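Structural overview
So you can see what is in the structure, the chains are spelled out below.
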Amino acid sequence: MRQSSPPISASPSPRYPRLWGFALVLLVAPSPASVSLDEKAATKDDPAASRVAFLAVYKVLSHPRCMNCHPAGDAPLQGEDSHPHAQNVKRGKDGAGKYALKCANCHQAKALPGENMPPGNPNWRLPSPEMPLVFQGKSPGALARQLKDPKQNGGKTLDQVLHHAAEDTLVLGCWNPGEGRAKPPLAHEEFVRELRTWIETGAHEPE
Amino acid sequence: MTEVVNLSRRGFLRAGALSGGGLILGVYLPTPGEAAEPPLAKPASFKPNAFLRIGSDNSVTVIVNHSEMGQGIYSGLAMIVAEELDADWTKVKVEAAPADPVYNHTMYGVQITGGSTSTISEWDRLRKAGATARAMLITAAAQAWKVAPGSCRANKSRVIHQESGIVLSYGELAEPASRLAPVRNVPLKDPANFTLIGTPVKRLDTPDKVTGAAVFGLDVTVPGMLVAVLARPPVFGGKAIRVNSAKALAVSGVRRVVEIDRGVAVVADGFWQARKGRAKLEIDWDLGDLSALDSHMQRDEYVELSRSPGAVARKQGDAEAALAASARVLESVLDLPYLAHAPMEPLNCVADVRPDGCDVWTGTQAQTLDHHAAALAAGLKPEQVKIHTTLLGGGFGRRAALDSHFVREAVLVSKAVKAPVKVIWTREDDLKGGYYRPAAHHVISAGLSEDGQITAWKHRIVCQSFIIGTPFEAAIVKDGVDETCVEGAADLPYEIPNILVDWKKAPSGVPVQWLRSVGHTHTAFVVETFLDELAHAAGKDPLELRRSLLAKHPRHLRVLDRAAQEFGWDKPLRDGRGRGLAVHQSFGSYVAHVVEISVSKTGKITVHRVVCAIDCGPIVNPDSIRAQMEGCIVFGLSTLHHEITFTDGRVKQRNFHDYPVLRMNETPEIEVHIVKSTDSMGGVGEPGVPPVAPAVANAVFNLTGKRIRRLPFRADDLKQA
Amino acid sequence: MITIRVNRKEYHVDVEPDTPLLWVIRETIGLTGTKFGCGVAQCGACTIHLDGEAARSCVTPVERAIGREIVTIEGLPDDLGRPLKDAWIALDVPQCGYCQSGQIMAAAVLLRENPNPTDEDVDDGMTGNICRCGTYPRIRRAIHLAAQAIAKGAAR
């Protein structure tokens, strides 16, 4: 069941204002407080609902907090304007940086308090070069296709994609970004719920 | 730059014994009323204000009165002494001089490092010191051997008797030599016989700088020392009106919170605790008069100021009339921002104020000013205050503070807490802490005749003065014009019949100060980009136009021709590349840069190559000159990228992420060519900076047809549509 | 009390666990070759090796270093340290010298992982370390020189 309610967290993004408004009306669900992942996904094919759910997911994936570590090139991005990471940081052979510029040299297990301090995560890195999982510059459709394709998504089933989004600390870190950085436009649990809805309703690709 | 009273040339060389054995050779300054000729008896009785010490262990210690901030002056000045002394370079050491009038700059009359003048200041004095010591050592050896001094020669810290080949080391001779009266009027070496000077000798300070052993101000620790950080007003000119320090004092390790005129100091056992404590301070500020300061509004104000004439810095012919009579008039309006020096070592100072004395340890460029300011702040006599100069982790003018603010802070806090205190500035404190290169607004116009000759040149500069109101005012401000605001513009070398350069003083408020190459940082940009514009308008090659206007300036011509030739100005560029050049004289040296650039679709400039030619006259260490030109070029390229701006009275920039400086991957290939020259000696620490940015701007025009009229460059200005 | 190992020696230090390693190394232990430049991991002056990686000590809470090997410029082993320092001296790289400890610590990781770096590799390894004096061209040359010296040493 869906109900309309006022926006919960972030303000509408300027890039897709119309879609955002539309998605809100349809998508903001009442709590259950968390998503149970153990529940067997009760698939009920609903292409329209699926596409709408993915557009909500897309809002998060294309937000700087998520996209900055899923760049089109070989360098991470940073900041609300997603500029290339200062210091010429590169992906490296395992996604964790190169030489003296490995991610963990600056990024600690958690975001450090204070202005302009590095955000953190115990496993801070980019996707590997073999499977770079690019978000930057991808249309919703292209990103949905990529998420579904085990050859591009890290060999994951959709259930595993959902688990990753729900539990991986790197994903969770986007909602604890450190001082002065915006959080993604949906709360984490809403994000997971929309992802789940997308999958359960057939993982249809918006275009 | 400017001649101030020359005190030290009234000094005399004196020699005396060093307690513990050895020779000490110093400069004796007669006190007022004393005979100009110093008495030669009692050689050991004078103050140990030496330039040179020779130990019985064969060591040669040169006491250097100029601060080592990276320019290599410790090694350069030691080379001058060692050359005339015929010292073994491997035995030469360097020590920082204390603050004392005998160590005053020979041109500026105070002990200060700046103006790219350290070598020029000491060239004569240290050659004499080295030569005199050498003559005394030879005399001592001759006396020991009972031979004529003329039959002995010195080589690599030894005196050799020519006929017999017997040898005594300087270490063995130091003690007997110290009992001699200084030899007068020792002839200096013929430069043709120099063996050290003019060669790429390795720097003395490098070994300690690659092991972490080198001691900078921040590395100083004294027993019982506490560490302080200050909460300074968020707006320049503000004052704390109410301070609640309870929460700060509750932070573990925080000892005291003290208010001084420049802010509120949190004094703790260590930096981290002090910084945590500072974050807990609750302060109500009276923001003062600048709380609405905004860079855009300030620019409007400068534009308004530029509409009426300023104090005349140069007037030749009648520029106004010639402009009115010109076939064609070009005008350019340019804006240059406030710039922070941002040396890698944030400012810091250790002070230990006691009832009967005060010691200060810091990396300073201005010992005399700091000495007096520290004495005043401590409530002590100058002779009770000692300044210990450490290595400087970069200076660029930031550490020659006209008001000695960073020293005063430490002295005042130490005095308040009755313990030695190290005040540390964070990077944020440094960037928002003022003492910037002044922002400048320029309006420049020129007239062209039908046949493309430049008939008139009119240049108006609007910027703040950091000299007016300081002890330097009498020497630097002439006829109402602060030379540091118009240098590089008023001395325009180009042969143009009618020239008018004037200066409008902008209101003070934002603390400003000299930054590496000072006024030339903005004037050269304006002059050299505008000349490029005129060349284009007249349909002339920028190199050829400059050559035609510099016929009476052979040193400009030499560096221009050399840089152009080494660059290959006559050869075609690769597709997608632009080239530009600029030439400029500052601090007595002449530098030309030719650059090759490209611009990406998004408007990002890549500088691929910089070819530099310099004529600085006689050379002490060619490798140091190369290093300084490389450094100047990197420093100049950084000015393409950063600025200090204000909103609501507050500085917007915080750290290197929003005040970017050049990094390894942005550094072009750099070639430095030193033009052989027997002309007068110039400096090298600064003259490489001014022509960098205009050369790049000219290259951008060459490639894109777009004129850069403001710094820093904005990618949006150059983005391809 | 926190126990850390610095340059193969154990230190017991009485500091808060969130204290940046930089200040523990400099103020508590007294090794001042590691420098403070920015405090926010922008400049690299504070670079040390933490289990061999070029960590920025100004943002590394001391608690992260517990049980790990910390190496500072003072303790950089000779296998990489000697050729790097020799090259730095041969080319008179430093000017003010303040950033050079960090530069050398960063260069050591570059050469360990890539004994024959190209100019692009030098950019990838060294762009995190700021030098305001502009010694970059010499750092680049010194890294190549050190790489050659190591290669010659290995070939002998």
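Quick notes on the rules
Residues numbered from 1 in each chain as written. Chains lettered and ligands numbered in written order. Predicted model: local features only at pLDDT ≥ 70, side-chain atom pairs only at ≥ 80, totals over all residues. Heavy atoms only, no water. Helix = DSSP H or I, 4+ residues; strand = E, 2+ residues; numbered from the N terminus. Rg over C-alpha atoms; globule rule 2.2 N^0.38 Å. Buried < 20%, exposed > 50% of the residue type's maximum accessible area, 1.4 Å probe, protein only. Contact = heavy atoms within 4.5 Å. Areas by Shrake-Rupley, 256 points an atom, 1.4 Å probe, with all protein chains shown as cover. Buried area = accessible area lost by both parts, 1.4 Å probe. Salt bridge = Lys/Arg side-chain N within 4 Å of Asp/Glu carboxyl O. Nonpolar A, V, L, I, M, F, W, Y, C, P; charged D, E, K, R; others polar. Axes fitted to C-alpha atoms, helices over the stretch in contact; angles between N-to-C directions. Parallel < 35°, antiparallel > 145°, perpendicular 65-115°, else oblique. Left-handed = near helix turned anticlockwise from the far one by under 90°. Polar contact = N/O pair within 3.5 Å; in protein donor to acceptor, adjacent residues only side chain to side chain. Domains from an automatic or database assignment. Core = buried A, V, L, I, M, F, W, Y, C linked by side-chain atoms within 4.5 Å. Phe/Tyr/Trp six-rings, centres within 6.5 Å; stacked < 30°, edge-to-face > 60°. Lys NZ or Arg CZ within 6 Å of the ring centre and 35° of its normal. Expected span 1.5 Å × (residues − 1).

What follows covers the overall build of chain B. Broken down by element type, chain B carries 19 helices and 30 strands. Relative to a compact globule of 721 residues, whose C-alpha radius of gyration would be 27 Å, chain B shows 27 Å and is just as compact. Each of the three principal axes of chain B carries a C-alpha extent, and together these read 85 × 70 × 50 Å. Looking at the 721 residues of chain B, the share that counts as buried comes to 64%. Long-range pairs, those at least 24 residues apart, make up 76% of the contacts in chain B between residues at least 6 apart in sequence. Roughly 26,400 Å² of accessible area belongs to chain B as shown, and the carbon and sulfur atoms make up 52% of that amount.

In many reports, interface size means the accessible area that the parts give up when they come together. Each side of the interface is counted separately: chain B has 58 residues, and chain C has 47 residues. Interface area for chain B against chain C, summed over the two sides, is near 4,400 Å², with a carbon-plus-sulfur share of 58%. In this structure, Arg138(C) and Glu630(B) form a salt bridge, with 2.7 Å as the shortest nitrogen-oxygen distance. When residues of the side of chain B that touches chain C are traced back to their parent elements, those giving at least two are helix H4 (206-209), helix H6 (271-279), helix H11 (427-431) and helix H17 (622-638) of chain B. Of the residues belonging to the side of chain B that touches chain C, the class tally is 27 nonpolar, 18 polar and 13 charged.

All right, on to the packing of helix H3 (residues 100-113) of chain C against helix H4 (residues 119-126) of chain C then. Residues and elements named next belong to chain C. Running from amino to carboxyl end, H3 crosses H4 at an angle of 125 degrees, the nearest separation of the two axes being 9 Å. In terms of their interaxial angle, H3 and H4 are classed as oblique. Relative to H4, H3 is oriented so that their crossing is right-handed. Between H3, through Gln103, Ala106, Ala107 and Leu110, and H4, the contact on the second element is made entirely by Asp121, Val122, Gly125 and Met126. For the contact of H3 with H4, the residue count by class is 5 nonpolar, 2 polar and 1 charged.

Our next topic: the interface of chain C and chain A. Chain C puts 24 residues into the contact, and the matching count from chain A is 19 residues. Of the roughly 1,800 Å² buried between chain C and chain A on both sides combined, carbon and sulfur atoms contribute 50%. On inspection of chain C and its partner chain A, the count reaches 5 salt bridges. A salt bridge links Glu53(C) to Lys102(A), with the shortest nitrogen-to-oxygen separation between them at 2.8 Å. In this structure, the connection of chain C to chain A is made through 14 residue pairs in polar contact (both at pLDDT 80 or more).

This part covers unusual backbone geometry. Leu711(B) connects to Pro712(B) through a cis peptide bond whose omega is -5 degrees. Mapped onto the elements of the fold, Pro712(B) is located in the loop between helix H18 (692-704) and helix H19 (715-718). Within the chain, Ser82(A) stands out as a residue other than glycine whose phi angle is a positive 50 degrees. Within the secondary structure, Ser82(A) is located in the loop between strand E1 (77-78) and strand E2 (83-84). Classification of Ser82(A) as buried rests on a relative accessible area of 13%. A positive phi angle is found at Lys146(B), which is not glycine, with a value near 55 degrees.

Turning to the environment of Val684(B), a few remarks are in order. Residues and elements named next belong to chain B. With respect to the helices and strands, valine 684 occurs in the loop between strand E30 (669-674) and H18. Separated by 189 residues in the primary sequence, valine 684 and glutamate 495 have C-alpha atoms spaced 26 Å apart. Non-local contacts of valine 684, meaning those with residues more than four positions away in its chain, are made with Ser116, Ile614, Cys616, Ile625, Gln628, Met629 and Cys632.

Now for the environment of Ala265(B). Residues and elements named next belong to chain B. With respect to the helices and strands, alanine 265 occurs in strand E12 (residues 263-268). On the basis of relative accessibility, which here comes to 0%, the residue alanine 265 falls in the buried class. Beyond its immediate sequence surroundings of up to four residues, alanine 265 is in contact with Val229, Leu230, Arg256, Val257, Val258 and Val413.

Moving on: the domain arrangement of chain B. All names here are of chain B. According to the domain assignment, chain B consists of domain 1 (8-206), domain 2 (217-288 + 347-424) and domain 3 (296-338 + 436-718). Placing a centre on the C-alpha atoms of domain 2 and another on those of domain 3 gives a separation of 37 Å. Listed per partner, the contact involves 13 residues of domain 2 and 17 residues of domain 3. Interface area, domain 2 with domain 3, both sides summed: about 1,100 Å², of which 68% is carbon and sulfur. The largest per-residue losses of area from domain 2 upon contact with domain 3 belong to Phe236, Phe396 and Leu402, which jointly make up 62% of the total buried on that side. In this structure, the connection of domain 2 to domain 3 is made through 5 residue pairs in polar contact (both at pLDDT 80 or more). Counted by class, the side of domain 2 that touches domain 3 contains 9 nonpolar, 2 polar and 2 charged residues.

Our next topic: the nonpolar core. Core analysis: the biggest nonpolar cluster contains 246 residues, and Ile54(B), Leu85(B), Trp457(B), Val696(B) and Trp88(C) have the highest contact counts within it. The element contributing the most residues to this core is helix H2 (residues 118-145) of chain B, with 10 residues. In terms of nonpolar packing, the next biggest core, distinct from the first, is built from 33 residues, Ala351(B), Val353(B), Ala377(B) and Val411(B) among them.

Evaluated as defined, the whole model comprises 67 salt bridges over all chains. A salt bridge links Glu207(A) to Arg145(A); its shortest N-O distance comes to 3.2 Å. A residue pair is termed long-range when its members are at least 10 positions apart, and Glu207(A) in the segment after helix H7 (188-200) and Arg145(A) in helix H4 (residues 140-148) qualify at 62 residues. With relative accessibility at 39%, the residue Arg145(A) sits in the partly exposed group. Asp359(B) is paired through a salt bridge with Arg354(B); the nearest N and O atoms lie 2.9 Å apart. According to the relative accessible area criterion, Arg354(B) is partly exposed, its value standing at 31%.

Time to look at the packing of aromatic side chains. Using the criterion set out here, one finds 18 aromatic pairs over all chains in the structure. Aromatic side chains Phe271(B) and Phe36(C) sit 5.3 Å apart centroid to centroid with 50 degrees between the ring planes, which places their arrangement in the tilted category. A residue pair is termed interchain when its members come from two chains, as with Phe271(B) in helix H6 and Phe36(C) in the loop between helix H1 (21-29) and strand E3 (47-50). Exposure class is identical for Phe271(B) and Phe36(C). Each is buried. Here Arg232(B) stacks its cationic end above the ring of Trp425(B), 3.7 Å away from the centre of that ring.

We now examine helix H5 (residues 136-155) of chain C. The periodicity of an α-helix, 3.6 residues per turn, causes residues three or four places apart in sequence to face the same way. In this model, H5(C) (20 residues) spans 29 Å end to end at C-alpha, consistent with the 28 Å of a helix rising 1.5 Å per residue. Those residues of H5(C) lying buried are Tyr136(C), Pro137(C), Arg138(C), Ile139(C), Arg140(C), Ala142(C), Ile143(C), Ala146(C) and Ala147(C). The inward-facing, buried residues of H5(C) contact H17 and E30 of chain B together with helix H2 (78-90), H3 and H4 of chain C.

Residues and elements named next belong to chain C. Across the interface, H2 lies against H5 with an axial gap of 8 Å and an inter-helix angle of 130 degrees. Relative to H5, H2 is oriented oblique. Where H2 crosses over H5, the two elements pack in a sense that is right-handed. For the pair H2 and H5, contact is made by Asp79, Leu80, Pro83, Leu84, Ala87, Trp88 and Ala90 and by Ile139, Ala142, Ile143, Leu145, Ala146, Ala149 and Ile150, respectively. Among the residues making up the contact of H2 with H5, the classes are represented as 13 nonpolar, no polar and 1 charged.

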